[in-house]
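The residues making up each chain are set out below.
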Amino acid sequence: MEKAQGFQVILVEDAGKRKAYAKITSEVLRYSTDFFHRKGFVQLMPVILSPITDPLGPDPGSSVIKTGEIEYLGQRLSLTQSMILHKQLAVKEGVEKLFIISPNVRLEHPKRGKSGKHLFEFSQLDFEIAHAKKEDVFALMDEFVRGVVEHTRVACREEFAALGRELLEFDGAFPIYTTHELKEKFGEDWETVASLAHKSPFWAVCHKREFYDKEDPEEEGHYLNYDLVYPEGFGEALSGAEREHEYSRIVGRIGKDMLDAGRYEAYLELAKEGLVPSAGGGFGIERLVRYLSGATHVGDVQMFRRVPGEAVVV
Ligand code: ASN
């Protein structure tokens, strides 16, 4: 395997810019936490080690080369790739609207370092709503994105001026396209091209991906999931879905994906008792800060960068 390189990268980033990114990040965290509290969500603490985590695939778009693991007192524990399965279990515990600012470790292939939007360690704000449908998530996030843009425009006026960033204004609901439409119009690799062609964020619905995203009961091979995509070439902001919650469907989907069902034993035991239907999603905090501040690379907005392929200095 290739070795991580590039000690110099951390040193060239202008210290003044890092301070601006830190302030914008702080205001994003303040606004996000307030917003979800205001909407009646309960904030949970994150989990970092667990026998279960998001498999992140099979997904042709994923380039995670392995799942981080440690062995502790005879247990094999994975580093969290996302808290999706824990979110479903927390909803089953009766927490009907929840969010977590969740550190995620995704050991991406070094080639992803050049994408501008991949990190091997980042934080996502992950949320889940019992009995919700995708339209509920669209409305919530449309309001959130407009709100965070307006909040930071005021709270970080000096930082945006120093960075030379002018945020575009947008209102109304964000447009919704199917991935089939996007592929037809912008090609197989539609994300960046479509993002560049837009001035406001948009939704892309129906992706073939992990077992926990619900398959449309009325249309096999179609999925009740979605991504929110930033405009101006910044690409994916959020991914989420209505969830598979029936035990037999979950087992079927794990089988189809040829995953080791043994790894999901406790989750499956609890799913057998009955999960609650839900929908949710998660957005990367650093990607949001990158979009707001117009940074070239998502690693630039981290105080301690975690870019695939680059050596970790501190
Ligand atoms: N947070 C995403 C979701 O809620 C999952 C992910 O990050 N892979 O669906």
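Parameters at a glance
- Residues numbered from 1 in each chain as written.
- Predicted model: local features only at pLDDT ≥ 70, side-chain atom pairs only at ≥ 80, totals over all residues.
- Heavy atoms only, no water.
- Salt bridge = Lys/Arg side-chain N within 4 Å of Asp/Glu carboxyl O.
- Helix = DSSP H or I, 4+ residues; strand = E, 2+ residues; numbered from the N terminus.
- Buried < 20%, exposed > 50% of the residue type's maximum accessible area, 1.4 Å probe, protein only.
- Phe/Tyr/Trp six-rings, centres within 6.5 Å; stacked < 30°, edge-to-face > 60°.
- Pairing = 2+ DSSP bridges.

1. Quick notes on the pattern of salt bridges
Part 1 of the reasoning: One pass over the structure, following the stated rule, counts 25 salt bridges.
Part 2 of the reasoning: With a closest N to O distance of 3.2 Å, glutamate 128 and lysine 87 form a salt bridge. Of this pair, glutamate 128 sits in strand β8 (residues 121-130) while lysine 87 sits in helix α3 (residues 84-92), and the two are 41 residues apart along the sequence. Here glutamate 128 and lysine 87 have matching classes, each one buried.
Part 3 of the reasoning: The salt bridge partner of glutamate 273 is lysine 92, with a shortest N-O separation of 2.9 Å. You can see glutamate 273 sitting in helix α9 (residues 265-273) and its partner lysine 92 sitting in helix α3, a full 181 residues away along the chain.
Part 4 of the reasoning: Its relative accessible area of 58% is what places glutamate 273 among the exposed residues.
Part 5 of the reasoning: By relative accessible area, which is 22% here, lysine 92 ends up partly exposed.
Part 6 of the reasoning: Several salt bridges converge on common partners, so that one network encompasses Lys87, Asp126, Glu128, Arg209, Asp213, Asp227 and Arg243.

2. Overview of the packing of aromatic side chains
Part 1 of the reasoning: What the rule picks out here adds up to 20 aromatic pairs.
Part 2 of the reasoning: Ring centres 5.2 Å apart and planes at 70° place the aromatic pair phenylalanine 35 and phenylalanine 144 in the edge-to-face group. With a gap of 109 residues between them, phenylalanine 35 in helix α2 (residues 15-38) and phenylalanine 144 in helix α4 (residues 134-155) connect regions that are remote in the sequence. Both residues of the pair, phenylalanine 35 and phenylalanine 144, belong to the buried class.
Part 3 of the reasoning: Put simply, the rings of Tyr31, Phe35, Phe36, Phe41, Phe99, Phe127, Phe144 and Phe283 touch in pairs and so form one group of aromatic residues.

3. Observations regarding the pairing of strand β11 (residues 225-230)
Part 1 of the reasoning: Most of β11 sits inside the fold, with six of its six residues counted as buried.
Part 2 of the reasoning: Residues Asn225, Asp227 and Val229 of β11 are buried on one face, and the alternating residues Tyr226, Leu228 and Tyr230, pointing to the opposite face, are buried as well.
Part 3 of the reasoning: The pairing of strand β10 (residues 202-205) with β11 spans four bridges and is antiparallel. Bridge pairing links phenylalanine 202 to valine 229 in β11.
Part 4 of the reasoning: In terms of strand pairing, β11 meets strand β12 (residues 235-242) through six bridges, oriented antiparallel. Among the inter-strand pairings, leucine 228 is bridged to a residue of β12, identified as leucine 238.
Part 5 of the reasoning: Taken together, β11 and the strand that follows it, β12, pair antiparallel across an intervening segment of four residues, in which glutamate 232 is found at a positive phi of about 60°.

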